Amino acid sequence: MPTINIPSALRNYTAQRASVHVPGATVAEALESLAEQYPELRRHIFEESGKLRNFVSVFVGEENVRYLKREATPLHENDTISLVPAVAGGV
Amino acid sequence: MALDRVIISSSHLQDLAQEAEAAFPRECCGLLFGKKDEASWRFQQLRPMRNVSLQPERGFEFDVREQLHAMREADAAGYEILGHYHSHPNARRGPSPTDLQLARTRLDNGLWVIVAVAAGQWLDTSVWQLRGAPGEFVRIPFVENSFE
């Protein structure tokens, strides 16, 4: 089962768990499984429309899925997904 | 209970000021590694990050791959990422309207450390957190600890 690494900033919503095993054959399915398991996480990952928030980058291993098949990127049994919430600001 | 104070060492405060001055007129930026307990956040490591903003004199942005690696470093060291820091080379003390808009949009309720710089010289360091909905920045007092 794929593993999702949870960033520190979102662990309040996963009972402080740093990683979660989820079922899913694609990135979209795995993230949906995560959001079902931890409903408070959903708004941090998905827009109300159900689309992945554009400031959340998703890596499978070392690869940014933006350069693969995005949410349709297929997963293997031992894949690790990392969520990286973009950080920015200005004067 | 909401956490209500930050503990930061004198040397980390000096490092922040020096990094902000060295980056001037661009913004410096980085992550804050540390731990939290029931009452406070304790900064234990500053992790400078490259500013990949297209207008680094007016904003900052992390490279997401570098951020991924930094997140792994924090986990490996047993730290949490408590938030991030950046400088304001225009001497603005505290969050800008851009900071507020981005924090709200991105639901970024980590700690924001802001270092104001005027004419290349450190001016002020302050700590903030977005609270409530849609969110307003609340200033968090910090305690300087000489022994860490």
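Since we're looking at a predicted model, the values are computed, not measured. (Residues numbered from 1 in each chain as written. Chains lettered and ligands numbered in written order. Predicted model: local features only at pLDDT ≥ 70, side-chain atom pairs only at ≥ 80, totals over all residues. Heavy atoms only, no water.)

The number of helices and strands found in chain A is two helices and six strands. The globule rule puts the C-alpha radius of gyration for 91 residues at 12 Å, and the 12 Å found for chain A is close to it. Restricting the contact set of chain A to residue pairs at least 6 apart, pairs at least 24 apart contribute 46%. Accessible area of chain A: about 4,500 Å², with a carbon and sulfur share of 49%. Distance from the positive charge centre (9 side chains) to the negative charge centre (11 side chains) of chain A: 6 Å. (Helix = DSSP H or I, 4+ residues; strand = E, 2+ residues; numbered from the N terminus. Rg over C-alpha atoms; globule rule 2.2 N^0.38 Å. Contact = heavy atoms within 4.5 Å. Areas by Shrake-Rupley, 256 points an atom, 1.4 Å probe, with all protein chains shown as cover. Lys, Arg positive; Asp, Glu negative; His and termini not counted. Charge placed at Lys NZ, Arg CZ, Asp CG, Glu CD.)

Buried together is how nonpolar side chains tend to be arranged in soluble globular proteins. Formed by 24 residues in total, the largest nonpolar core has its most connected members in Ile4, Leu31, Leu34, Ile45, Val58, Ile81 and Leu83 of chain A. Every element with two or more residues in this core is listed here: helix H1 (27-37), strand E3 (56-60) and strand E5 (80-85) of chain A. The element best represented in this core is H1 of chain A, accounting for five residues. With 20 residues, the next largest nonpolar core counts Ile8, Leu16, Cys28 and Leu111 of chain B among its residues. (Core = buried A, V, L, I, M, F, W, Y, C linked by side-chain atoms within 4.5 Å. Buried < 20%, exposed > 50% of the residue type's maximum accessible area, 1.4 Å probe, protein only.)

Spatially, E2-E1-E5-E3-E4 (chain A) is the arrangement adopted by the five strands of the open sheet, whose pairing is mixed. Every interior strand has two partners, whereas the edge strands, strand E2 (19-21) and strand E4 (63-64) of chain A, have only one. Judged from the three bridges that link them, strand E1 (residues 3-5) of chain A and E2 of chain A form a sheet pairing that is antiparallel. Looking at the pairing, Thr3 of chain A lines up with His21 of chain A of E2 of chain A. Where helix H2 (residues 64-77) of chain B meets the sheet, it contacts E3, E4 and E5 of chain A, and its direction lies at approximately 110° from that of E5 of chain A. (Pairing = 2+ DSSP bridges. Axes fitted to C-alpha atoms, helices over the stretch in contact; angles between N-to-C directions.)

As a further point, take the side chain of His44 of chain A. Tracing the chain through its elements places His44 of chain A in helix H2 (residues 42-45). Here His44 of chain A falls in the buried class, since its relative accessible area comes to 6%. Separated by 3.4 Å, the side chains of His44 of chain A and Tyr13 of chain A make a polar contact. If near-sequence neighbours (up to four positions away) are discounted, His44 of chain A is found in contact with Leu10, Tyr13, Arg53 and Val56 of chain A together with Leu107 of chain B. (Polar contact = N/O pair within 3.5 Å; in protein donor to acceptor, adjacent residues only side chain to side chain.)

Taken together, the 33 residues of chain B in the interface contact 25 residues of chain A. Around 2,400 Å² of area is buried between chain B and chain A when both sides are counted, 52% of it from carbon and sulfur atoms. On the surface where chain B and chain A come into contact, there are two salt bridges. Asp75 of chain B is the salt-bridge partner of Arg11 of chain A, the closest N and O atoms lying 3.0 Å from each other. Inspection of the region where chain B meets chain A yields 15 residue pairs in polar contact (both at pLDDT 80 or more). Of all the secondary structure elements, the ones that give two or more residues to the side of chain B that touches chain A are strand E4 (59-61), H2, strand E5 (80-88) and helix H3 (97-105) of chain B. In terms of residues, the side of chain B that touches chain A owes the most to one element, H2 of chain B, which gives eight residues. Among the residues making up the side of chain B that touches chain A, the classes are represented as 10 nonpolar, 11 polar and 12 charged. (Buried area = accessible area lost by both parts, 1.4 Å probe. Salt bridge = Lys/Arg side-chain N within 4 Å of Asp/Glu carboxyl O. Nonpolar A, V, L, I, M, F, W, Y, C, P; charged D, E, K, R; others polar.)

Mapped onto the fold, Asp99 of chain B is located in helix H3. What makes Asp99 of chain B buried here is its relative accessible area of 0%. Separated by 38 residues in the primary sequence, Asp99 of chain B and Phe137 of chain B place their C-alpha atoms 9.4 Å from one another. If near-sequence neighbours (up to four positions away) are discounted, Asp99 of chain B is found in contact with Gly89 and Gly90 of chain A together with His86, His88, Trp112, Ile114 and Phe137 of chain B. Of note is the side chain of Asp99 of chain B, whose polar atom sits 3.1 Å from the side chain of His88 of chain B. Of the polar contacts made by the side chain of Asp99 of chain B, one reaches the backbone nitrogen of Ser96 of chain B; its length is 3.0 Å.

Right, let's talk about the pattern of salt bridges for a bit. In a structure, side chains of opposite charge can pair up when their charged atoms sit close to one another. Residues and elements named next belong to chain B. Across all of its chains, the model carries 11 salt bridges over all chains by this definition. Residue Arg93 pairs with Asp124 through a salt bridge whose shortest N-O separation is 3.8 Å. Placement of the pair is Arg93 in the loop between E5 and H3 and Asp124 in strand E7 (residues 121-131), with a sequence separation of 31 residues. The exposure class assigned to Arg93 is exposed, which follows from its relative accessible area of 52%. Connected via shared salt-bridge partners are Arg47, Arg50, Asp63, Glu66 and Glu73.

In this section: the confidence of the model for chain A. Overall, the predicted model of chain A reaches an average pLDDT of 95, with 100% of residues at or above 70. When mean pLDDT is compared element by element in chain A, E1 of chain A scores highest at 98, while strand E6 (residues 88-90) of chain A scores lowest at 92. (pLDDT = per-residue confidence, 0-100.)

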